[in-house]
Amino acid sequence: MTYQQAGRLAVIKRLAGWIIFIPALISTLISILKFLYQHSEQNKGINAVMADFFHVIIDMMRFNTSFLNVFWFNSPQPVFDNGFFFGNIGFWIIYLLIFVGLALQASGARMSRQVRFIREGIENQMVLERAKGTEGISRPQLEEKIVMPRHTILLQVFPLYILPIIIAVVGYFILKLLGML
């Protein structure tokens, strides 16, 4: 793949990453808010004050974000009663799409940086080639020699493999501390 093609692919990867990341993040946050809303009605005692607070805040959010009704009505509500990981597959798939989007965006950003570096290197090399006169190589000949490596999102180790686990564990402990699990 030429560096021009790599530059276009980098832009496409970055856009696709953001297009996947933003709806998945909104859907996951709304799913968690729906879970908190459902469990805010079941508490008694001192936890009832905090649960009422969550209940009111989530009601206000739902009322003031009517433009997100698609997410409020269609986001899967997680069910953690049967176990933390096997409650709702739809929720976990959307949760993982957050990190796929981040990995796509990171891969596109890396490709973009490499293309920018190569473009600057070509400009520098062309200055040297012009100084050689007629025996220097032309820009198209120089560009033909450049082969860009393929970048896969599977090599994005931290955003794709480690970060989802860290956030799920932190979320589990927060929900356990709040008494929601």
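Residues numbered from 1 in each chain as written. Predicted model: local features only at pLDDT ≥ 70, side-chain atom pairs only at ≥ 80, totals over all residues. Heavy atoms only, no water.

K.L.:
Quick rundown of the nonpolar core? Include the residues and the values.
P.N.:
In this structure, Leu36 and Met180 are the most contacted members of the largest nonpolar core, which totals 21 residues. Breaking this core down by element, the ones donating at least two residues are α1 (3-39), α2 (47-64), α4 (89-132) and α6 (157-177). Each residue touching Met180, except ones within four places of it in the same chain, is listed here: Phe35, Leu36, His39, Phe54 and Leu175. Ala6, Met111, Val115 and Met126 belong to the second-largest nonpolar core, a separate cluster that totals eleven residues. (Core = buried A, V, L, I, M, F, W, Y, C linked by side-chain atoms within 4.5 Å. Buried < 20%, exposed > 50% of the residue type's maximum accessible area, 1.4 Å probe, protein only. Helix = DSSP H or I, 4+ residues; strand = E, 2+ residues; numbered from the N terminus. Contact = heavy atoms within 4.5 Å.)

K.L.:
Please set out the layout of surface pockets residue by residue, giving values where relevant.
P.N.:
The computed volume of the largest pocket comes to approximately 410 Å³. Residue lining of the largest pocket: 22 residues in total, with Thr28, Ile32, Tyr95, Ile167 and Gly171 positioned closest to the centre. Residue assignment for the lining of the largest pocket shows that the elements contributing at least two residues are α1, α4 and α6. Each residue belonging to the lining of the largest pocket can be placed in one class, and the counts come to 20 nonpolar, two polar and no charged. (1 Å grid on protein atoms, 1.4 Å probe; cavity = no way out; pocket = protein on both sides within 12 Å on 5 of 7 lines; lining within 4 Å. Points joined across faces, edges and corners; volume = space filled by probe spheres on them. Nonpolar A, V, L, I, M, F, W, Y, C, P; charged D, E, K, R; others polar.)

K.L.:
Break down a positive patch on the surface for me, citing the residues and quoting the values.
P.N.:
Together, Arg14, Arg110, Arg113, Arg116 and Arg119 give the surface a local cluster of positive charge. Ranked by residues supplied to the positive patch, first place goes to α4 with four residues. Within the secondary structure, Arg14 is located in helix α1. (Patch = residues over 30% accessible without salt bridge, like charges linked within 9 Å, V, L, I, M, F, W, Y side chains within 5 Å. Areas by Shrake-Rupley, 256 points an atom, 1.4 Å probe, with all protein chains shown as cover. Salt bridge = Lys/Arg side-chain N within 4 Å of Asp/Glu carboxyl O. Lys, Arg positive; Asp, Glu negative; His and termini not counted. Charge placed at Lys NZ, Arg CZ, Asp CG, Glu CD.)

K.L.:
Explain the packing of aromatic side chains to me, and be specific about the residues and the numbers.
P.N.:
Overall, the coordinates contain six aromatic pairs when judged by the stated rule. Between Trp18 and Phe21, the aromatic rings sit 5.6 Å apart at their centres with planes inclined by 80°, giving edge-to-face as the arrangement. Here the residue Trp18 and the residue Phe21 both occupy positions in helix α1, the gap between them amounting to three residues, near one helical turn. Judged by relative accessible area, Trp18 falls into the partly exposed class, the value being 42%. (Phe/Tyr/Trp six-rings, centres within 6.5 Å; stacked < 30°, edge-to-face > 60°.)

K.L.:
How would you explain the pattern of salt bridges if you had to name every residue and give the values?
P.N.:
Evaluated as defined, the whole model comprises two salt bridges. Between Arg139 and Glu123 there is a salt bridge whose closest N-O contact spans 2.6 Å. Here Glu123 lies in helix α4 and Arg139 lies in helix α5 (residues 139-145), a separation of 16 residues in the sequence. Given the relative accessible area of 26%, Arg139 is considered partly exposed. Assessed through its relative accessible area of 36%, Glu123 is described here as partly exposed. Arg139 is the salt-bridge partner of Glu143, the closest N and O atoms lying 3.1 Å from each other.

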